[in-house]
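Here are the chains, one letter per residue:
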Amino acid sequence: MSDAVIVIDFETTGISPAHGARATEVAAVLVADGRILDRYQSLMNTGAWIPPFIEQLTGISNRMIQQAPDAARVMGELARFIGDTPLVAHNASFDKKFLQAELDRIQLAPQAEMLCSMRVARRVYPQAVNHKLATLVRHARLVKTGAYHRALADAEMTAGLWLEMQAELGRQFGLERIPLALLRKIQSAPCRGLRGCVEAFRRSSNFQIQ
DNA sequence: TGCCAGGCCCTCTTTAGGGCCTT
């Protein structure tokens, strides 16, 4: 199973774990061989209070969280699901903070790198109106798998976007497959440097295009 | 009860400022 990734998405009580925000739901989907092969999803009870604005945004209520499994149990299950598989998230810096903060509480540390679908999308779809997940799903004419701002639906749609961006790169540059190493290069390349980045990677010693 | 961040990216830049994106 080459270049497998796990797409991860957290719903939370706020923006910053450094200011007390906690996770309320997490989903992770295993993507390999061009499709979703496995899923993990759970609400999680951290004891934190969800502000009304966030309840309205996500549809996740304080009542739902009170009945959810304990956060430590959920994060342990999530860590086992992830293992050391590379992660992908939309605006990865956000999910990375919460993954690290919630794992810290059970004395675990993230084992895997995290790539950012938003940074890749800014380079693959520079013409998009903006690079919000919902906009990119519409832009790429992907299937909407559920309500936005629920973890599993967002993770599945990010997975769809991840696969479609690889297909788009294949069409643009005549590549049969897009190695994870190339996506890693693309997300770190200048936003207007997509072609140069792919051509440089093509010339690299061990990259066989077709 | 309910405050709040921060890395990335662009440009009227680089000795900076402001918008984007996540909840």
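Refer to the preceding data block for the structure.
Residues numbered from 1 in each chain as written. Chains lettered and ligands numbered in written order. Predicted model: local features only at pLDDT ≥ 70, side-chain atom pairs only at ≥ 80, totals over all residues. Heavy atoms only, no water.

Participant: Please provide a residue-by-residue account of the packing of aromatic side chains, values included.
Facilitator: Using the criterion set out here, one finds two aromatic pairs in the structure. Seen from their ring centres, Tyr-40 and Phe-81 are 6.1 Å apart, and the 35° between their planes marks the pair as tilted. Remark: Phe-81 occurs in helix 3 (residues 71-82) and Tyr-40 occurs in strand 3 (residues 35-43); sequence separation between them is 41 residues. For Tyr-40, a relative accessible area of 12% puts it in the buried group. Between Phe-94 and Phe-98, the ring centres sit 4.9 Å apart and the planes meet at 45°, which makes this aromatic pair tilted. Pair noted here: Phe-94 and Phe-98 are both in helix 4 (residues 92-104), with a separation of four residues, about one helical turn. Judged by its relative accessible area of 0%, Phe-98 falls in the buried class. (Phe/Tyr/Trp six-rings, centres within 6.5 Å; stacked < 30°, edge-to-face > 60°. Helix = DSSP H or I, 4+ residues; strand = E, 2+ residues; numbered from the N terminus. Buried < 20%, exposed > 50% of the residue type's maximum accessible area, 1.4 Å probe, protein only.)

Participant: Tell me about the nonpolar core, and please be specific about residues and values.
Facilitator: Counting 37 residues, the largest nonpolar core has Tyr-125, Trp-162, Met-165, Leu-169 and Ile-186 as its most contacted members. When contributions to this core are tallied by element, the ones reaching two or more residues are strand 1 (5-12), strand 2 (23-32), helix 5 (117-124), helix 6 (133-139), helix 7 (151-173), helix 8 (180-188) and helix 9 (194-203). When residues in this core are grouped by element, the largest group, ten residues, is from helix 7. In this structure, Ala-32, Leu-78, Ala-89 and Phe-98 belong to the second largest nonpolar core, which totals 28 residues. (Core = buried A, V, L, I, M, F, W, Y, C linked by side-chain atoms within 4.5 Å.)

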